[in-house]
Amino acid sequence: MELSRHPTTVYQAVAAQLEQALQQRYRCGDYLPSEQQLADHYAVNRHTLRRAVDELVHKGLLQRRHGVGILVLMRPYNYPLHAQARFSQNLLEQGSHPTSERLLAVLRPASNEVASALAVAEGDNVIHLRTLRRVNGVPVCVINHFLPDLSWWTLLQRFNSGSLHDYLSQHTGKHLVRTQTRISTRRAQAKECKQLEIALQSPLLCVRTLNKTTDGAMAEYSVSVTRGDMIELTLEH
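To start, this report covers the structure provided alongside it.

Cut-off values and rules
- Residues numbered from 1 in each chain as written.
- Predicted model: local features only at pLDDT ≥ 70, side-chain atom pairs only at ≥ 80, totals over all residues.
- Heavy atoms only, no water.
- Helix = DSSP H or I, 4+ residues; strand = E, 2+ residues; numbered from the N terminus.
- Buried < 20%, exposed > 50% of the residue type's maximum accessible area, 1.4 Å probe, protein only.
- Core = buried A, V, L, I, M, F, W, Y, C linked by side-chain atoms within 4.5 Å.
- Contact = heavy atoms within 4.5 Å.
- Pairing = 2+ DSSP bridges.
- Axes fitted to C-alpha atoms, helices over the stretch in contact; angles between N-to-C directions.

## What about unusual backbone geometry?
Right, on to step 1. Positive phi outside glycine occurs at Ala119, with the angle close to 60°.
Right, on to step 2. A positive phi angle, near 55°, is found at Glu197, a position not held by glycine.
Right, on to step 3. Along the chain, Glu197 turns up in the loop between helix 8 (190–196) and strand 8 (203–213).
Right, on to step 4. Residue Glu197 is classed as partly exposed on the basis of its relative accessible area, which comes to 36%.

## Comments concerning the nonpolar core
Right, on to step 1. Leu18, Leu22, Leu32, Tyr42, Leu49, Leu56 and Leu62 are the most contacted members of the largest nonpolar core, which totals 20 residues.
Right, on to step 2. Of all elements in the fold, only helix 1 (10–25), helix 2 (35–42), helix 3 (46–58) and strand 2 (69–72) reach the threshold of two or more residues within this core.
Right, on to step 3. For this core, the element with the highest residue contribution is helix 1, accounting for six residues.
Right, on to step 4. Beyond its immediate chain neighbours, meaning those up to four positions away, Leu49 contacts Val14, Glu35, Leu38, Ala39, Tyr42 and Val44.
Right, on to step 5. Core analysis: the second largest hydrophobic core is formed by 13 residues, Leu129, Leu147, Leu156 and Leu176 among them.

## Some details on the sheet that holds strand 5 (residues 125–135)
Right, on to step 1. As summarised here, the arrangement of the six strands in space is 4-5-6-9-8-7, forming an open sheet in which the pairing is antiparallel. Edge strands, defined here as strands with exactly one partner in the open sheet, are strand 4 (98–109) and strand 7 (176–187). Averaged over all adjacent pairs, the angle separating strand axes in this sheet is 20°, with direction ignored.
Right, on to step 2. Sheet topology note: the strand 8/strand 9 (residues 218–227) ladder contains nine bridges and is antiparallel. Directly across from Leu205, in strand 9, lies its bridge partner Thr226.

## Comments concerning the side chain of Ser100
Right, on to step 1. The topology assignment puts Ser100 in strand 4.
Right, on to step 2. Given a relative accessible area of 11%, Ser100 falls into the buried group.
Right, on to step 3. Those residues in contact with Ser100 that sit more than four places away from it in its chain are Thr131, Leu132, Arg133, Asn160, Ser161 and Gly162.

See the structure below:
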């Protein structure tokens, strides 16, 4: 692919064509070909190609991941928020491969926030699970789940991966329904940066949800932090 050879515009022309390629052929979580392959494709040297990539990194469309490659950040995944919203199923329908793994499972006294959400006394023991969700292998979301029904504790100690709600449905017969969602934003802290493999102070979506069983019993309060560059929330009315 031949481009104008004016020294001040070649990398900008490459950046423009690469951005167009991102819109047409890639989605968030994909990786670009190697720099050498891209340089060959656009018939430029690697220095020019790097400048073009830097332009798109600066615009928030790409991210360099040391030892891995160039990650596409644009075109975030759509996640509708409604009572029956299912993260994994929604992304599967978009042609992606979502996974979930358990990072933590403990019993702990409920904080004031958790107790208020679950309608239990502050200090009462609740089940605390922490899970990490990935999409196409890229960390997207860390979720802290708080559950008041201690009869589920033995069962949940065996939960290691996949959908927590599907696991509960299969093993308890209880189906969870979202009854409240609160959304805010903040900057990533050090531990979250490590878990989500992002830079310090990157923007995060903080989503607090309340789930009940279909018979109205309080079942789960969850607090998730999600990469703001990879998920787009849709409120359905």
